[in-house]
Amino acid sequence: MKTGFTRATVSLATLTLTALAAAGCGGGAGASGSDRVTVWMYPVIMDPKANAAFWDGIEKGFEASEKGIDLNIEQQPWENRDQKLATAFGSGKGPDVVLLIPDQIPQFQANRALRPVDRAIEQARSAYRPAALEAMTIDGEVYAAPIYQTVTSTLYNKKLLDKAGMKEPPATWDAIRNAAPKLRQAAGVATLDYSASNEASLNMSFYPLLWQAGGRVFDESGRKTAFNSPEGVEALTFLVDLYKAGAVPKSAMTNANLFTDQALGKEQVAMGYTNTPADAALAEKAWGKGNVIVGPALSGPGKQVCFGLPGGLALNARSQNPSGAEKFVTYMTQPAQIAAMGKAGGFFSPRADVTVPNDSPYAQQYEKALAHVHPGEPHPAARQLMALLSPEIQAALTGKKSPQRALADAARQGDELLARQR
């Protein structure tokens, strides 16, 4: 499953503040009685029947272990989830527990809609992968308990590499540059797939290149952008040079991170670098068994980095049953539930001491990539900044602006945005 940031035209902070003002000082959130715990869950397990069956089993298992607590897991749609949750938190009718990803946490935490989960994960804390906890942490406190982990890595079409006489897949920027002429001349294909559409998340396109160059999106304070740096220019120049040389396909401009619709899926390009386990399974069907290679996280001049983020359970600060809510979070972060969740949804474990059973021939490579996973840079303005930066990257790719000018213009707009939100 492709997971990441999406564009948003309305600030979650504004939505939450508006809802809080409308609600005044109303009563607590959650359920009609103090014995009930209400959870808002989203379709993270792609098969609807499997999703329903899994959470039904969780309800029964938790209620059997915690007598007297009535657990109600409500399935919510992805569509408009941020706006709906902001309104629910503000009106006092929100869930006791809700599934969040890292970029959602800063907005709700800033408006005091969430309370830390540190006590609920006290026993599990030392077992978590550091990156999973760091993604959910603000000012030293954890605001969502990870229950699953996603990861991306490089994906290669062996058939195309063989046509170009390449024995080793290109796993570094320099190797990609060197591979481009061979793939174009011998196999008639581009080298690196890229998603430049405004609908594509920068976490699955430009940001991994920025991180691989050693750069950042925001500075340490979070009050200014940081991508207009030598590292940022190096990353965008690398991408632009490949595009001009035909090593990134022209279809990149409309590519929106959908494997079956992009050049990689259609065998018009040899590799991708932000591909999921689901992509690898689709590639096997499209290219034929034996033609799929999942490689290590791509290495740039600064770091070896891939994108992946945890999904976690957050606690409503106004819950009427905080004790029951914490017990549910503790239950879901135990090894048995982590393993079951991962198997049902095709995820990996956020805990280093839990290995999710996986029959995929590519699972081992994705497990290795977890050592290099980057969860993004959560920030209240992260999604709005993407909306400003994406068009500037397009301008650089099409030659309307130099990489330096494109990043400078995006940084100016971004810094103005951040200044307005202080």
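Coordinates for the structure precede this section.
Because the structure is a prediction, the values reported are computed rather than measured. (Residues numbered from 1 in each chain as written. Predicted model: local features only at pLDDT ≥ 70, side-chain atom pairs only at ≥ 80, totals over all residues. Heavy atoms only, no water.)

Draft legend 1. Examining the environment of Asn198 more closely. The residue Asn198 is located in the loop between strand 9 (190-192) and helix 8 (206-212) in this model. Accessibility expressed as a relative area gives 24% for Asn198, which makes it partly exposed. Considered as a pair, Asn198 and Ala387 are 189 residues apart in the sequence and their alpha carbons are 7.2 Å apart. Within the structure, the side chain of Asn198 is placed 3.4 Å from the side chain of Gln394, a separation counted as a polar contact. (Helix = DSSP H or I, 4+ residues; strand = E, 2+ residues; numbered from the N terminus. Buried < 20%, exposed > 50% of the residue type's maximum accessible area, 1.4 Å probe, protein only. Polar contact = N/O pair within 3.5 Å; in protein donor to acceptor, adjacent residues only side chain to side chain.)

Draft legend 2. Highlighting unusual backbone geometry. Residue Asn80 is not a glycine yet carries a positive backbone phi of 55 degrees. Following the sequence through the fold, Asn80 ends up in the loop between strand 2 (70-75) and helix 3 (81-91). If you check the backbone angles, Glu267 has positive phi at about 60 degrees while not being a glycine. Inspection of the secondary structure assignment puts Glu267 in the loop between helix 9 (230-244) and strand 10 (269-275).

Draft legend 3. Just the pairing of strand 3 (residues 97-100), in detail. Burial of the side chains of strand 3 extends over both faces: Val97 and Leu99 are buried on one face and Val98 and Leu100 on the other. Judged from the two bridges that link them, strand 1 (residues 36-41) and strand 3 form a sheet pairing that is parallel. By the bridge assignment, Trp40 is partnered in strand 3 with Val98. As paired elements, strand 3 and strand 13 (residues 310-316) share four bridges and run antiparallel to each other. Following the sheet pairing, Leu100 is matched in strand 13 by Gly312. (Pairing = 2+ DSSP bridges.)

Draft legend 4. Up close: the packing of helix 2 (residues 48-65) against helix 11 (residues 322-332). Their axes nearest at 11 Å, the elements helix 2 and helix 11 cross at an angle of 115 degrees. You can see that helix 2 and helix 11 cross each other, and the crossing is right-handed. Contacts between helix 2 and helix 11 involve Trp55, Ile58, Gly61, Phe62 and Ser65 on the former and, on the latter, Gly324, Lys327, Phe328, Tyr331 and Met332. Grouping the amino acids of the contact of helix 2 with helix 11 by side-chain chemistry returns six nonpolar, three polar and one charged. (Axes fitted to C-alpha atoms, helices over the stretch in contact; angles between N-to-C directions. Left-handed = near helix turned anticlockwise from the far one by under 90°. Contact = heavy atoms within 4.5 Å. Nonpolar A, V, L, I, M, F, W, Y, C, P; charged D, E, K, R; others polar.)

Draft legend 5. Structural context of the pairing of strand 2. In the sheet, strand 1 pairs with strand 2 via six bridges, with the strands oriented parallel. The partner of Arg36 across the bridge, within strand 2, is Asp70.

Draft legend 6. Structural context of the sheet that holds strand 11 (residues 292-294). Pairing in this open sheet of four strands is mixed, and the strands run 9-10-8-11 from one edge to the other. Where the open sheet ends on each side, the last strands, each with one partner, are strand 9 and strand 11. Mean inter-strand twist for the sheet, computed between neighbouring axes without regard to direction, equals 20 degrees. Strand direction decides the pairing type here: strand 9 and strand 10, joined by two bridges, are parallel. Each bridged residue has a counterpart across the sheet, and for Ala190 the counterpart in strand 10 is Val269. The strands touched by helix 7 (residues 173-187) within the sheet are strand 9 and strand 10, with strand 9 carrying the most contacts at an inclination of about 160 degrees. Those strands touched by helix 10 (residues 277-287) are strand 8 (153-157), strand 10 and strand 11, and its axis lies near 5 degrees from that of strand 8.

Draft legend 7. Examining the side chain of Asn255 more closely. Tracing the sequence through the fold places Asn255 in the loop between helix 9 and strand 10. The class for Asn255 is buried, based on a relative accessible area of 5%. Polar side-chain contacts of Asn255 include one of 3.0 Å to the backbone oxygen of Tyr194. Of note is the side chain of Asn255, whose polar atom sits 3.4 Å from the side chain of Ser195. Not counting residues up to four positions away in its chain, the partners in contact with Asn255 are Asp193, Tyr194, Ser195, Ala196, Ser197, Ala200 and Gln262.

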